[in-house]
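Structure assessment
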Amino acid sequence: FPDLSLVAEGVPRLESRGAPRRHREYETEVIGNGGFAQWYGDAPKMWTPEPSSACVRPTRETPGGTTGIELLPPKGADPSQVTQQIQLEPFFAGAHVTVRMNACAYEPGQCVLAVSVVAKKTEEAFHFMKEHPGDGLWSRVTIEMDIPAGINPHLLNISVQLRPGATRPALATDLDAVLRK
């Protein structure tokens, strides 16, 4: 027998014309080794220390005794930093980004969480920074930002920096970055 359910008058129909559709939200964590627990030689895995691996070392002087990093005061004009570079797909144009870390610094304006988004082809960069208060206490440093909708995002660079002029180390752990769209 043929199935007439699509044409028979007594079969209930679902109406979808004009019904509002909810945009699905996509969320992903993009940082690897954000707790700095894994090391390869003298550098945290998945992170690039600059100017060299001599500017960073592991520490357990963190809340709860978990692993973190200690950034040592820079010896020259460049900051001591660790950076992770994440490749982005065009889908993430217009996405919301939340980047957070726990940090402890003893000098105001010296320890910085920095995030930049680099556009494909134009290499135009959008920079966001947030300083730790430098009060010697552990604080949650957070950057909330939106990737501009009109660009083709290519790279997301996330850095923990200790600026030139710092005379005391800074500590960081529990770094995460979440993209939502």
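From a predicted model like this one, the values you see are computed outputs, not experimental measurements.

Parameters and conventions
- Residues numbered from 1 in each chain as written.
- Predicted model: local features only at pLDDT ≥ 70, side-chain atom pairs only at ≥ 80, totals over all residues.
- Heavy atoms only, no water.
- Helix = DSSP H or I, 4+ residues; strand = E, 2+ residues; numbered from the N terminus.
- Buried < 20%, exposed > 50% of the residue type's maximum accessible area, 1.4 Å probe, protein only.
- Contact = heavy atoms within 4.5 Å.
- Areas by Shrake-Rupley, 256 points an atom, 1.4 Å probe, with all protein chains shown as cover.
- Pairing = 2+ DSSP bridges.
- Axes fitted to C-alpha atoms, helices over the stretch in contact; angles between N-to-C directions.
- Polar contact = N/O pair within 3.5 Å; in protein donor to acceptor, adjacent residues only side chain to side chain.
- Salt bridge = Lys/Arg side-chain N within 4 Å of Asp/Glu carboxyl O.
- Core = buried A, V, L, I, M, F, W, Y, C linked by side-chain atoms within 4.5 Å.

When helices and strands are tallied, the protein shows zero helices and 13 strands. Along its sequence from the N terminus, the protein presents helices and strands in the succession β-β-β-β-β-β-β-β-β-β-β-β-β. Burial statistics for the protein: of 181 residues in total, 44% are counted as buried. Taking as baseline every contact in the protein between residues at least 6 positions apart, the subset at least 24 positions apart corresponds to 74%. A total accessible area of about 10,600 Å² is found for the protein, and carbon and sulfur atoms account for 52% of it.

Strand order across the open sheet formed by five strands is β4-β7-β12-β9-β10, with antiparallel pairing between neighbours. Where the open sheet ends on each side, the last strands, each with one partner, are β4 (48–50) and β10 (125–131). Across the sheet, the mean angle from the axis of one strand to that of its neighbour is 20°, orientation sign disregarded. The sheet contact formed by strand β9 (residues 111–119) and strand β12 (residues 153–162) spans nine bridges and is antiparallel. Residue pairing for β12: Cys-111 is matched across the bridge by Leu-162.

Take the side chain of His-132 next. For His-132, the location among the structural elements is in the loop between β10 and β11 (138–146). A distance of 3.1 Å separates a polar side-chain atom of His-132 from the backbone oxygen of Ala-103. Within the structure, His-132 has its side chain in polar contact with the backbone oxygen of Leu-137 (distance 3.0 Å). Not counting the four nearest positions on each side in its chain, His-132 is found in contact with Ala-103, Cys-104, Ala-105, Gly-109, Cys-111, Leu-137, Ser-139 and Val-141.

With that out of the way, let us pick up the pattern of salt bridges. Inspection of every chain in the model, using the stated rule, returns five salt bridges. Here Arg-57 and Glu-70 are joined by a salt bridge, their closest N and O atoms 2.7 Å apart. Here Arg-57 is found in strand β5 (residues 56–59), whereas its partner Glu-70 is found in strand β6 (residues 68–71), with 13 residues between them in sequence. Residue classification places Arg-57 among the partly exposed positions, given a relative accessible area of 41%. Judged by relative accessible area, which is 14%, Glu-70 ranks as buried.

Let us look at the nonpolar core. Counting 38 residues, the largest nonpolar core has Met-101, Ile-147, Leu-156, Ile-158 and Leu-175 as its most contacted members. Breaking this core down by element, the ones donating at least two residues are β6, β7 (80–87), β8 (96–104), β9, β11, β12 and β13 (170–180). When neighbours within four sequence positions are excluded, Leu-156 is seen to be in contact with Val-30, Gln-84, Gln-85, Ile-86, Leu-88, Val-115, Ser-116, Val-117 and Leu-179.

Put simply, Glu-50 and Pro-51 share a cis peptide bond, and its omega is 5°. Position of Pro-51 among the secondary structure elements: in the loop between β4 and β5. Positive phi is not limited to glycine here, since Phe-36 has a value of about 60°. With respect to the helices and strands, the residue Phe-36 is situated in the loop between β1 (27–29) and β2 (39–40). The phi torsion at Met-46 lies on the positive side, around 75°, for a residue other than glycine. Inspection of the secondary structure puts Met-46 in the loop between β3 (43–44) and β4.

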